[in-house]
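# Overview (structure and organization)
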Amino acid sequence: MENTGTVTAKNIMIKCNSIFKTFESKDDENEVIRNFNLEIKENEFVVLFGPGQCGKTTVLNIIAGLEQSTKGEVFVNGRKITEPGPDRGMVYQTTALFPWLTVMGNVEFGPKSLGVKKKERRERAQYYIDLVGLKGFEKHYPIKLSGGMQQRVGIARAYCNNPPVILLDEPFGALDAQTRYLMEEELGRICTKEKRTIVFVTNNIEEAIYLADRIVLLTNCPTTIRKEYIIGLPRPRDYTSNDFLTLRKEITSEMDETI
Amino acid sequence: MKRVFTKEKVQMALWGIIGLMSILLIWQISVMVTSLGRIMPEPIEVVKSFLISSIKPVGRYTLLQHMLFSLLRVFVGFSLSGVSGIILGIAMGRSKTINSIASPIFNMVRPIPGVAWIPLAILWFGIGETTKYFIIFMGGFAQVVVNTMSGARKVDKTLVGAARMLGANKRQEFFRIVIPSSVPYIFAGLQISLSTSWMAVLAAEMVSSYKGSGWIIITGMNNGNTVQILVGMISIGVVGLGLANLMRIIERRLCSWRIQGQ
Amino acid sequence: MVNNNTIEEEKITSVQSPEVKVQVRGLTKSFGDLLVLDDVSFDVRKGEFLCIVGPTGCGKTTFLNSLTKLYTIDEGEMLVDGEPMDLKKHDIAYIFQEYSTMSWLRVDENVSFGLRIKGYPEEVIKERVDKVLKMIGLDKYRHYYPKKLSASMLQRVVIARAFAVEPELLLMDEPYGQLDLQLKYKLEDELLRLWEKTGTTVIFITHNIEEAVYLSDRILVLTNKPAKIKEELINDLPRPRDIADPKFVELRNRVTELIKWW
């Protein structure tokens, strides 16, 4: 597979520079990430795909600035990442919605924090609420929404600050298989409409192939890149097309060797 | 909130009334046929006296006024313990240093019940209102602190992270994440604190006062007036029930985001 | 059902036997005005692997809870070997979505739990537990507490516990929902192996169409609420199955078409 070394520095949005991460506890050291290098182009949809629970989420958290690497650095838009910030939207598996805020309150949280005037932030939030298909649910509290709808709120909230980068950490991992297909379709639609650079973590191979421009296959602990796949299938993709299934088997067997 | 009278709710209410009536009936019958009549008045007598003393003064004030005096004391003491308890609780929950300083003292003082402070309070503040406020304060303070503290500690780290990813600064993080997610805990603390405050005011009034529900009971005892004692006790029960319901309504309003279903 | 040439193991021949193990007749359940199950009837043959799939929110959980008698059903009955299902008489095991291991028991104690309740002699328990732990590859972990095990290991414990009682009927509710696809297929293969070895009758309820096609001898497709049986599909693809096999894809697409709401 082609690597991304040929692209010019200008349109590289995310750059991970030999990242290492070791968790230290009282009596042992646990190396989670070893020499992780990755460049992601602007508006590229990259899926970090790999087995188990090991380092995928940690990589994402380091890009988010929620965790610090032991060694190496991350640049987003040419700026070194040291802490969380509104230039990167994040979507969580657990949704991490603020339960005491309504759908509108959650979505406008970002702009409100940044001091955007009420009228403007309401308009912007409304745009994204409509985009994710939640029109009419603005005043609902998260607890009253289904899992799929909660995740829609999470996506709208991440987009509402208008960040160039969106990070998604197994966002559909807790949904049932059918709702999951629906959400994958929806995310595909949103991404075509609102171009962003996306890093998507998953352990579901169907989801990875359905969504990605490029799949980065990771090894198990300590996490590093095993192989990359550029996914050239036309969109919208068909889960049961021959090409899809062939690719799925190829990547799966490659991963099985990893385990 | 819409009120729905389902068949089941009506049934439950009916059972409640039946329960209450049967207790009164048993009381009435026992007084009539056994020697219990020598130490207990008839329930009719008590209810009558309860209604009369609502208009006619007992001592200097009517029963309602006595209840209001007690409530006022509770209101002052409870507000003090609530506000300071929330502040200390959040401080201890969020700052390790403050927690290290405060927790040894706090944990030692905490097991001492509010009423144990009565003698000291009287020596310090005399028998005026300050003493009552102080006792109520000591009775309710610890519960608020303990609950608030655990609420402030249990703030979901993912939510804090999510807020920071959305651009919230430290101040916003505190006011828009830590505080709201502690509210349910704070409320649980306030609820317990309110009921202990109500108990503390009665204890304080029994020791030294010339008004309040506690005073009614104590003078009843001094005069050998069982009816008056029972009237005082019932007034306490009624007010306590009212306060608990009030808190529940406020909680529903404030924490409606936690209630599942339609 | 024919197609005998695809069968390799002798054991499976018994699957083909027409002997009916479970009969569900006219199962109906509603909550208030909401009808959730509408006159569901089907048979399961001895040793058959039956998958039931339906659209999200079709009342899958209600369906299962009615089968397990967790809910009292409005109408209908469930017969095992022609007699009304009786949890005391019939050996029926359940595996639910949540890993319901008992956290205070070690792996082998968890697995032997059901056997102890049924009062098996100690030697039998030991033999059965050893056998099933070996089959599922948990032998090394027999003295671990659940807290120390990964999600997939926990799911294995649950499956081992179910198979330890050598159930006549195994009811499963999407037991692999939260696991990653890789592990899921591994565990599914393990499940198929155990099932083929023991000849247990399985009813497996899921939202995952591919999973149903991968596992089943037969698929019942449910309608949306109120759930009724929409269609019954025989699945005689040879095992081990290949998800990219055109016949597999054809069946999967057919089930998808019957269910698709998204």
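Analysis parameters
Residues numbered from 1 in each chain as written. Chains lettered and ligands numbered in written order. Predicted model: local features only at pLDDT ≥ 70, side-chain atom pairs only at ≥ 80, totals over all residues. Heavy atoms only, no water. Helix = DSSP H or I, 4+ residues; strand = E, 2+ residues; numbered from the N terminus. Buried < 20%, exposed > 50% of the residue type's maximum accessible area, 1.4 Å probe, protein only. Contact = heavy atoms within 4.5 Å. Lys, Arg positive; Asp, Glu negative; His and termini not counted. Charge placed at Lys NZ, Arg CZ, Asp CG, Glu CD. Buried area = accessible area lost by both parts, 1.4 Å probe. Salt bridge = Lys/Arg side-chain N within 4 Å of Asp/Glu carboxyl O. Polar contact = N/O pair within 3.5 Å; in protein donor to acceptor, adjacent residues only side chain to side chain. Domains from an automatic or database assignment. Nonpolar A, V, L, I, M, F, W, Y, C, P; charged D, E, K, R; others polar. Pairing = 2+ DSSP bridges. Phe/Tyr/Trp six-rings, centres within 6.5 Å; stacked < 30°, edge-to-face > 60°. Lys NZ or Arg CZ within 6 Å of the ring centre and 35° of its normal. Axes fitted to C-alpha atoms, helices over the stretch in contact; angles between N-to-C directions. Parallel < 35°, antiparallel > 145°, perpendicular 65-115°, else oblique. Left-handed = near helix turned anticlockwise from the far one by under 90°. Expected span 1.5 Å × (residues − 1). Patch = residues over 30% accessible without salt bridge, like charges linked within 9 Å, V, L, I, M, F, W, Y side chains within 5 Å. Areas by Shrake-Rupley, 256 points an atom, 1.4 Å probe, with all protein chains shown as cover.

Looking only at helices and strands, chain B has ten helices and zero strands in total. Traced from its N-terminal end to its C-terminal end, chain B shows the element sequence α-α-α-α-α-α-α-α-α-α. Across its three principal directions, the C-alpha atoms of chain B cover 75 × 55 × 30 Å. Across the 262 residues in chain B, those meeting the buried criterion constitute 42%. When contacts within chain B are restricted to residue pairs at least 6 apart in sequence, long-range pairs at least 24 apart make up 71% of them. Taken together, the 25 basic and 8 acidic charged side chains of chain B have centroids lying 8 Å from each other.

This part is about the interface of chain B and chain A. The partner chain A presents 25 residues to the 22 residues of chain B that form the contact. Surface buried jointly by chain B and chain A totals about 2100 Å² across both partners, of which 68% is contributed by carbon and sulfur atoms. Seen at the junction of chain B and chain A, the total is one salt bridge. There are five residue pairs in polar contact (both at pLDDT 80 or more) connecting chain B and chain A.

Moving on to the domain arrangement of chain A. Residues and elements named next belong to chain A. Per the domain assignment, the segments of chain A are domain 1 (1-87 + 163-227) and domain 2 (96-162). If you average the C-alpha positions of domain 1 and of domain 2, the two centres end up 24 Å apart. Taken together, the 19 residues of domain 1 in the interface contact 14 residues of domain 2. Summed over the three residues of domain 1 that lose the most area to domain 2, namely Pro 163, Ile 190 and Glu 194, the buried surface amounts to 31% of that side. Where domain 1 packs against domain 2, one counts one salt bridge. A salt bridge links Glu 186 to Arg 152; the nearest nitrogen and oxygen atoms lie 2.7 Å apart. Counting every contact that joins domain 1 to domain 2 gives seven residue pairs in polar contact (both at pLDDT 80 or more). Sorting elements by how many residues they give to the side of domain 1 that touches domain 2 places helix H6 (residues 177-193) first, with nine residues. Here the side of domain 1 that touches domain 2 is built from residues that sort into 13 nonpolar, one polar and five charged.

This part is about the side chain of Thr 223 of chain C. Here Thr 223 of chain C shows up in the loop between strand S9 (218-222) and strand S10 (229-234). Within polar-contact distance, the side chain of Thr 223 of chain C engages the backbone oxygen of Pro 226 of chain C at 3.2 Å.

Moving on, we get to the pairing of strand S8 (residues 201-206) of chain C. Residues and elements named next belong to chain C. With six of six residues buried, S8 is to be regarded as a mostly interior element. Here S8 shows no split at all, with Thr 201, Ile 203 and Ile 205 on one side and Val 202, Phe 204 and Thr 206 on the other all buried. For strand S3 (residues 49-53) and S8, the ladder comprises five bridges, and the chain directions are parallel. Directly across from Phe 49, in S8, lies its bridge partner Val 202.

For the structure on display, the rule yields 27 aromatic pairs over all chains. Geometrically, the ring pair formed by Trp 117 of chain B and Phe 134 of chain B is edge-to-face, given 5.8 Å between the ring centres and 85° between the ring planes. Here Trp 117 of chain B, found in the loop between helix H4 (96-109) and helix H5 (118-125), pairs with Phe 134 of chain B, found in helix H6 (residues 129-153); they are 17 residues apart in sequence, far enough to count as distant. For the pair Trp 117 of chain B and Phe 134 of chain B, one class covers both residues: buried. Members of the aromatic cluster, each reached through a chain of ring pairs, are Tyr 181, Tyr 210, Tyr 239 and Phe 244 of chain A together with Trp 261 and Trp 262 of chain C. One Lys or Arg, Lys 71 of chain A, reaches over the ring of Phe 20 of chain A and ends 4.6 Å from the middle of that ring.

Residues and elements named next belong to chain B. At their nearest, the axes of helix H3 (residues 63-94) and H4 sit 6 Å apart, and the two run at 120° to each other. It follows from the interaxial angle that H3 and H4 lie oblique. The crossing of H3 and H4 is left-handed. For the pair H3 and H4, the contacting residues are Leu 88, Ala 91, Met 92 and Arg 94 in the first and Lys 96, Ile 98, Asn 99, Ala 102, Ser 103 and Phe 106 in the second.

It is worth spelling out the pattern of salt bridges at this point. What the rule picks out here adds up to 50 salt bridges over all chains. Across the pair Glu 73 of chain A and Lys 80 of chain A runs a salt bridge whose closest N-O atoms are separated by 3.8 Å. The exposure class of Glu 73 of chain A is partly exposed, given its relative accessible area of 30%. If you follow the salt bridges from partner to partner, you end up with Asp 108, Lys 126, Asp 130, Asp 139 and Arg 142 of chain C in one network.

This paragraph deals with helix H7 (residues 246-259) of chain C. In this model, H7 of chain C (14 residues) spans 20 Å end to end at C-alpha, consistent with the 20 Å of a helix rising 1.5 Å per residue. Those residues of H7 of chain C that sit buried are Phe 248, Val 249, Leu 251, Arg 252, Val 255, Thr 256, Leu 258 and Ile 259 of chain C.

What follows concerns helix H9 (residues 213-222) of chain B. Residues and elements named next belong to chain B. For H9, a buried count of seven out of ten residues is recorded, marking the element as mostly surrounded by other parts of the structure. Residues of H9 that are buried include every one of Ser 213, Gly 214, Trp 215, Ile 216, Ile 217, Thr 219 and Gly 220, and no others. Summarising the contacts, the buried residues of H9 are in contact with H3, helix H8 (170-207) and helix H10 (226-254). Looking one or two places after H9, you find Gly 224, whose phi comes out positive at around 65°.

On to the interface of chain C and chain A. Every contact between the two is made by 21 residues of chain C and, on the other side, 23 residues of chain A. Taken over both partners, the interface formed by chain C and chain A buries close to 2000 Å², and the fraction arising from carbon and sulfur atoms is 51%. Between chain C and chain A we count three salt bridges in total. Glu 210 of chain C is the partner of Arg 248 of chain A in a salt bridge, and the nearest nitrogen-oxygen pair spans 2.7 Å. Applying the counting criterion to the chain C and chain A interface returns ten residue pairs in polar contact (both at pLDDT 80 or more). Contributions of two or more residues to the side of chain C that touches chain A are made by helix H5 (181-198) and H7 of chain C.

Let's shift gears to a negative patch on the surface. Together, Glu 24, Asp 27, Asp 28 and Glu 29 of chain A line one region of the surface with negative charge. Its location among the elements puts Glu 29 of chain A in strand S2 (residues 29-41).

Residue and element names in this part refer to chain B. Each assigned domain of chain B is listed here: domain 1 (1-40) and domain 2 (42-258). Domain 1 and domain 2 are separated by 29 Å when their C-alpha centres are compared. The partner domain 2 presents seven residues to the seven residues of domain 1 that form the contact. At the boundary of domain 1 with domain 2, total buried surface from both sides reaches about 630 Å², with 71% on carbon and sulfur atoms. Linking domain 1 with domain 2 are zero salt bridges, by the criterion used here. Applying the counting criterion to the domain 1 and domain 2 interface returns one residue pair in polar contact (both at pLDDT 80 or more). A breakdown of the residues in the side of domain 1 that touches domain 2 according to their chemical character gives six nonpolar, one polar and no charged.

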